[in-house]
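Close look at the chain arrangement
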Amino acid sequence: DKQDIDKQYVGFATLPNQVHRKSVKKGFDFTLMVAGESGLGKSTLVHSLFLTDLYKDRKLLSAEERISQTVEILKHTVDIEEKGVKLKLTIVDTPGFGDAVNNTECWKPITDYVDQQFEQYFRDESGLNRKNIQDNRVHCCLYFISPFGHGLRPVDVGFMKALHEKVNIVPLIAKADCLVPSEIRKLKERIREEIDKFGIHVYQFPECDSDEDEDFKQQDRELKESAPFAVIGSNTVVEAKGQRVRGRLYPWGIVEVENQAHCDFVKLRNMLIRTHMHDLKDVTCDVHYENYRAHCIQQMTSKLTQDSRMESPIPILPLPTPDAETEKLIRMKDEELRRMQEMLQRMKQQMQDQ
Amino acid sequence: MASSEVARHLKRENIRSLTMSGHVGFESLPDQLVNRSIQQGFCFNILCVGETGIGKSTLIDTLFNTNFEDYESSHFCPNVKLKAQTYELQESNVRLKLTIVNTVGFGDQINKEESYQPIVDYIDAQFEAYLQEELKIKRSLFTYHDSRIHVCLYFISPTGHSLKTLDLLTMKNLDSKVNIIPVIAKADTVSKTELQEFKIKLMSELVSNGVQIYQFPTDDDTIAKDNAAMNGLLPFAVVGSMDAVKVGNKVVKARQYPWGVVQVENENHCDFVKLREMLICTNMEDLREQTHTRHYELYRRCKLEEMGFTDVGPENKPVSLQETYEAKRHEFHGERQRKEEEMKQMFVQRVKEKEAILKEAERELQAKFEHLKRLHQEERMKLEEKRRLLEEEIIAFSKKKATSEIFHSQSFLATGSNLRKDKDRKNSNFL
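Since the model is a prediction, treat every value here as computed from it, not as a measurement. (Residues numbered from 1 in each chain as written. Chains lettered and ligands numbered in written order. Predicted model: local features only at pLDDT ≥ 70, side-chain atom pairs only at ≥ 80, totals over all residues. Heavy atoms only, no water.)

1. Things to note about the packing of aromatic side chains
Rules: What counts as a ring pair is set by centres within 6.5 Å for rings of Phe, Tyr and Trp (its six-membered ring), and what kind of pair is set by the plane angle: stacked under 30 degrees, edge-to-face over 60, tilted for all other angles. Helix and strand definitions follow DSSP, with helices as H or I runs of at least four residues and strands as E runs of at least two, each counted in order from the N terminus. Type-normalised accessible area, obtained with a 1.4 Å probe on protein chains alone, sets the label of each residue: buried when under 20%, exposed when over 50%, and partly exposed for intermediate values. In this analysis the charged atom, NZ for Lys or CZ for Arg, is taken to sit over a ring once it is within 6 Å of the ring centre and within 35 degrees of the ring normal.
Considering all chains together, one arrives at 20 aromatic pairs over all chains under this definition. Measuring from centroid to centroid gives 6.1 Å for Phe216(B) and Phe236(B), while their planes differ by 20°, and the two rings are stacked. Of this pair, Phe216(B) sits in the loop between α6 (192-208) and α7 (221-231) while Phe236(B) sits in strand β6 (residues 236-237); the two residues are 20 residues apart in sequence, bridging distant segments of the chain. Neither Phe216(B) nor Phe236(B) differs from the other in exposure class; each is buried. Taken together, Phe127(B), Tyr130(B), Tyr144(B), Tyr296(B) and Tyr299(B) form an aromatic cluster joined through their ring pairs. Residue placement shows Arg137(A) over the ring face of Tyr121(A); its charged tip is 3.6 Å from the ring centre. When the ring centre of Tyr296(B) is taken as origin, the NZ or CZ atom of Arg148(B), which lies over that ring, is 4.8 Å away.

2. Here's the deal with the sheet that holds strand β8 (residues 250-257) of chain B
Remark on secondary structure: sheet strands pair via backbone hydrogen bonds, oriented parallel or antiparallel. Residues and elements named next belong to chain B. For clarity, the threshold we go by: At least two DSSP bridges between two strands are required for those strands to pair. To define axes, lines are fitted to C-alpha atoms, for helices over the stretch in contact only, and angles between the resulting N-to-C directions are given on a 0 to 180 degree scale.
Ordered in space as β7-β8-β9, the 3 strands form an open sheet in which the pairing is antiparallel. Strands with a single pairing partner mark the edges of an open sheet, and in this sheet they are β7 (244-247) and β9 (260-263). Neighbour-to-neighbour, the strand axes of the sheet open up by a mean angle of 65°, direction not taken into account.

3. Here we look at the sheet that holds strand β8 (residues 243-250) of chain A
Residue and element names in this part refer to chain A. With antiparallel pairing, 3 strands are arranged side by side in an open sheet as β7-β8-β9. A single partner strand is all that each edge strand has here, and the edge strands are β7 (237-240) and β9 (253-256). Pairs of neighbouring strands in the sheet enclose a mean axial angle of 70°, with direction left out of account. Examined bridge by bridge, β7 and β8 share 4 bridges and lie antiparallel to one another. Residue alanine 240 lies in a different strand from β8, and its bridge partner there is glutamine 243.

4. Quick word on the interface of chain A and chain B
The cut-off we apply is this: Whether two residues are in contact is decided by their heavy atoms: any pair within 4.5 Å suffices. Buried area is calculated as the accessible area (1.4 Å probe) missing from two parts once they are joined, with the contributions of both summed. In what follows, salt bridge is the name for a side-chain nitrogen of Lys or Arg lying within 4 Å of a carboxyl oxygen of Asp or Glu. N or O atoms within 3.5 Å of each other form a polar contact, as long as, within protein, one can give a hydrogen and the other can take it, and as long as residues adjacent in sequence are counted only when both atoms are side-chain atoms. Three classes are used, and their members are as follows: Ala, Val, Leu, Ile, Met, Phe, Trp, Tyr, Cys and Pro are nonpolar, Asp, Glu, Lys and Arg are charged, and the others, Gly among them, are polar.
Taken residue by residue, the interface counts 51 residues in chain A and 46 residues in chain B. Summed over both sides, the interface of chain A with chain B buries roughly 4,000 Å², with 56% coming from carbon and sulfur. Our enumeration of links across chain A and chain B arrives at 6 salt bridges. Two residues, Arg153(A) and Glu51(B), come together in a salt bridge whose shortest N-O distance is 3.2 Å. For the pair chain A and chain B, the interface holds 18 residue pairs in polar contact (both at pLDDT 80 or more). If you list the elements that add at least two residues to the side of chain A that touches chain B, you get α4 (63-66), α6 (154-163), α7 (181-197), β8 and β9 of chain A. Among the elements that take part in the side of chain A that touches chain B, α7(A) stands out by supplying 5 residues, more than any other. Each residue belonging to the side of chain A that touches chain B can be placed in one class, and the counts come to 26 nonpolar, 12 polar and 13 charged.

5. Quick word on the side chain of Thr170(B)
Residues and elements named next belong to chain B. Tracing the sequence through the fold places threonine 170 in helix α5 (residues 165-174). Classification of threonine 170 as buried rests on a relative accessible area of 0%. Apart from the residues lying within four places of it in its own chain, the contact partners of threonine 170 are Phe106, Tyr116, Ile119 and Tyr154.

6. Section: the pattern of salt bridges
Across all of its chains, the model carries 41 salt bridges over all chains by this definition. For the salt bridge of Lys186(A) with Glu72(B), the shortest nitrogen-to-oxygen distance reads 3.2 Å. Here Glu72(B) lies in the loop between α3 (56-64) and β2 (81-91) and Lys186(A) lies in helix α7, a pairing that spans two chains. Judged by relative accessible area, which is 56%, Lys186(A) ranks as exposed. Given a relative accessible area of 35%, Glu72(B) falls into the partly exposed group. Taken together, the shared-partner salt bridges in this structure form one network comprising Glu37(A), Arg153(A), Glu51(B) and Lys164(B).

7. Remarks on a nonpolar patch on the surface
Note the following rule: Surface patches are defined over residues having more than 30% relative accessible area and no salt bridge, joining like charges when they lie within 9 Å and nonpolar side chains (Val, Leu, Ile, Met, Phe, Trp, Tyr) when within 5 Å. Accessible surface area values rest on a Shrake-Rupley calculation with a 1.4 Å probe, where residue burial reflects the displayed protein chains alone.
A surface patch of nonpolar side chains, amounting to about 430 Å² of accessible area, comprises Met20(B), Val24(B), Phe26(B) and Leu29(B). Looking at the secondary structure, you find Phe26(B) in the loop between α1 (3-12) and α2 (29-40).

8. Describing the UniProt feature "coiled-coil region" (unreviewed entry) in chain B
Put simply, the rule reads: UniProt positions are given in the numbering used here, feature names are shortened, and annotations may be inferred rather than shown by experiment.
Mapped onto this numbering, the UniProt entry gives "coiled-coil region" (unreviewed entry) at residues 344-400 of chain B. Secondary structure across residues 344-400 of chain B comprises 100% helix and 0% strand; the distance between its end C-alpha atoms is 83 Å.

9. Some points on α6(B)
Operational definition: Expected span, for any helix, means 1.5 Å times one less than how many residues it has. Directions are taken from the helix axis to each C-beta atom, and the arc is the one they span.
Taking 1.5 Å of rise per residue, the 17 residues of α6(B) would be expected to cover 24 Å, and the 25 Å separating its terminal C-alpha atoms lies within 8% of that figure. Here α6(B) has its buried residues at Leu195(B), Phe198(B), Lys199(B), Leu202(B), Glu205(B) and Leu206(B). All buried residues of α6(B) lie within an arc of 135° about the axis, which places them on one face of the element. In α6(B), those exposed residues whose orientation departs by more than 90 degrees from the buried face are Thr193(B), Glu197(B), Ile200(B), Val207(B) and Ser208(B). Where the residues of α6(B) are buried, they touch α4 of chain A together with β4 (151-156), α5, β5 (180-184) and β6 of chain B.

10. Topic: the UniProt feature "domain: Septin-type G" (unreviewed entry) in chain B
The sites that UniProt annotates as "domain: Septin-type G" (unreviewed entry) are residues 40-306 of chain B. Structurally, residues 40-306 of chain B comprises 38% helix and 22% strand, and the distance from its first C-alpha atom to its last is 35 Å.

11. Observations regarding the packing of α3(B) against helix α8 (residues 272-282) of chain B
All names here are of chain B. Our working definition: For this classification, under 35 degrees means roughly parallel, over 145 means roughly antiparallel, 65 to 115 means roughly perpendicular, and everything else is oblique.
Packing of α3 against α8 leaves a shortest axis separation of 11 Å and a crossing angle of 70°. Between α3 and α8, the angle falls in the class roughly perpendicular. Residues Leu59, Thr62, Leu63 and Phe64 of α3 pack against Phe272, Leu275, Arg276, Leu279 and Ile280 of α8. Considering only residue class, the contact of α3 with α8 consists of 7 nonpolar, 1 polar and 1 charged.

12. Looking at the UniProt feature "site: Important for dimerization" (unreviewed entry) in chain A
Per the UniProt annotation, the sites labelled "site: Important for dimerization" (unreviewed entry) are Phe148(A). Along the chain, Phe148(A) turns up in the loop between β4 (140-145) and α6. The contacts of Phe148(A), once residues within four sequence positions are left out, are Arg153(A), Cys178(A), Thr52(B), Gly53(B), Ile54(B), Ser157(B), Pro158(B), Lys186(B) and Thr189(B).

13. Examining the side chain of Asp167(B)
Residues and elements named next belong to chain B. The line we're drawing: In summary, the charge assignment counts Lys and Arg as positive and Asp and Glu as negative, without counting His or the chain termini.
Along the polypeptide, aspartate 167 turns up in helix α5. Among buried Asp, Glu, Lys and Arg side chains, aspartate 167 stands out as unpaired, with lysine 164 the closest opposite charge at 6.6 Å. Once residues within four sequence positions are removed from consideration, aspartate 167 is found in contact with Tyr154 and Ile156.

14. Details of the pairing of strand β5 (residues 169-173) of chain A
All names here are of chain A. When you tally the buried positions in β5, you get 5 out of 5 residues, the bulk of the element. By the alternation rule, side chains of β5 split into Ile169, Pro171 and Ile173 and Val170 and Leu172, which are all buried. Strand direction decides the pairing type here: β4 and β5, joined by 5 bridges, are parallel. Paired with leucine 142 across the strands is valine 170, a residue of β5. Sheet topology note: the β5/strand β6 (residues 229-230) ladder contains 2 bridges and is parallel. Across the sheet, the residue bridging to isoleucine 173 is alanine 230, located in β6.

15. Quick word on a negative patch on the surface
Residue and element names in this part refer to chain A. Let me state the cut-off plainly: Lysine's charge is taken at NZ, arginine's at CZ, aspartate's at CG and glutamate's at CD.
Among the surface-exposed residues, Asp209, Asp211, Glu212, Asp213, Glu214 and Asp215 lie close enough to one another that they form a single negatively charged patch. Residue position: aspartate 213 is located in the loop between α7 and α8 (214-225). The class for aspartate 213 is partly exposed, based on a relative accessible area of 48%.

16. Some thoughts on the nonpolar core
Heads up, the rule is: Working definition of a nonpolar core: buried Ala, Val, Leu, Ile, Met, Phe, Trp, Tyr and Cys residues. They are joined through side-chain atoms within 4.5 Å.
Leu142(A), Phe159(A), Leu268(A), Leu153(B) and Leu275(B) are the most contacted members of the largest nonpolar core, which totals 153 residues. Residue contacts for Leu153(B): discarding those within four places in its chain leaves Ile46(B), Leu47(B), Cys48(B), Val49(B), Ile60(B), Leu63(B), Ile181(B), Val183(B), Leu275(B) and Leu279(B).

17. Brief notes about helix α2 (residues 15-26) of chain A
All names here are of chain A. Taking 1.5 Å as the rise per residue, α2 with 12 residues should run 16 Å; its terminal C-alpha atoms sit 16 Å apart, in good agreement. Among the 12 residues of α2, 0 are classified as buried, and the element is accordingly described as predominantly exposed. The positive-phi residue at the C-terminal boundary of α2 is glycine 27, with phi of around 85°.

Right, here's the structure in full:
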């Protein structure tokens, strides 16, 4: 009966639509970091992913100049729009990483940068006026592994271990057009083994719900099994089989960037932009940032109990409930304080009486 | 040399050039030389410098069309090492003793400042071994296995941008010791247009940093043209593979990709054939000669100068090796004498000092001994005295005891009453 149905209908099924509408109005932002030795095709890949040239006025250094170069952090921000959805995309570049002769701790400027963004957000979040907080935290880091070796190198391990608890790391095999399919399989296996062996925590794709359809689950499985993605990038369009495609022209054939049989570019693009972009942001907020924040607060409070005269630069929010050990310590210290105070009182009395 | 130059040279030396009236036959000299060298066999040593996994072993396998045994190295070696393997190859009637030296762990360390040093040390060690053999009294250069490096293939990573900092540093330290032929490895990842720009960039970087790479010789008319053309195509972009792939109705060495097949010996695909031509077919002998006459001689000169040998004495008169050697020997001898004297003196001095110390100690010990002895004597006398007194007391006491006992027994006998006894007891107590 229609009347019955009307009575049963409440209307909150439209919530997703409302969320959609509001988010379109608000717009999105995403910060992507790219890291790896120079010459691995990072800028070409970024160009292919977002179909815009962010590096028009880039100047490449010669080998001589790079001998004692330090690692820089360069930010490029662009506003792009697609079907009414606005995205403020920030690419964080790390020129100089791994290029010097002595690369000891060359990832330090990068970890410092990531921490700085966390600190900035922490301050903003704890401030009084929180209307226009800018989120500059790094949501994802694409790390480019050289395809010319047998697997990870010491500098790769060093970088990933320094950043895996601060940012979502997505490792990629760069310039994959120098590997035949059997070599790609072998290299992927080797890299997966080494990532396990060295205890590196790369970004894990979330499990899909058990009530999703088989197609989706199959796609999800394929995605997980292809990691790390073997990618090829190109900023030129070539003619292949009568069509104009993004690709690289060789005397022996044409590599098509968007051909899934040639490389995993499409998988990377879908994962990064079409399906997992928001999950990357969520993991950054819920896991990496929270870790940073908890660590920060712990450090500050331990410092405060040592030196109570210190002014805290940030207003302290209520402490989490201390555990039994700390409670005992606190009680003991309280007792001691009380006894000392009593003694002081008595001495004062005595002096007065005299 | 051109014929006019030869003529001028002969004129200077007062040598007349004559024409013969018939066929003598010494035109067979080169053939005799060739026969001898074929009998001897040839020796060639290649050093491959490049990052782990860049394709050094594969390229050598492809160049010599042989599967030399090799295994993958780890990326986690703490230092750069060199691994040498020697093989005997034969093609028609020519025997080749080929030594392949590979770097292990090059480019993997986080701090690569010392990476080039083991390579330089290895090359110097081979020169040193040869020099030692040359300087021996009883030497056998004819049968000596020459391990000096004749060519260094430097593998450049195909980034498409420029040299890596490590490449620049390493090549600058090697160019005066070995013939360097740079190659672009895994060139099937660089497209044709990129390759042009890349080669130009690489060569300009090498030139602007003063790195001397090996130039194919252009003094021999028969090969000058080809060599000059090849010099302009450096660095060679190479692809290596021992996999056989069927292309059309032929089976060739190639790499099979989903988008096409890269044929190693196809000159449109890569410069492998050019490298093989230049390295093995045309200029192998020149590489050996350059190593011996240029690089080895430089090493030898520097080493001998270090040791103090010169060709020209203090008055700018030529000095023979023997004179210099004698002078050096004399110097060393004198030096040794002096040092011996010095040590002798020092030894004597030390002995004297030690003796004095020991004597002093002995004296002290003696004094102590005397002192203790005296004390001991005194103690003994005192003790003797005490004993004497004690003995006297004992004697006195026992005398008294004896008398009292006699008295006691006498009085007891005399009276039999208890009263007496009590009195005695009292008396005895009193006593």
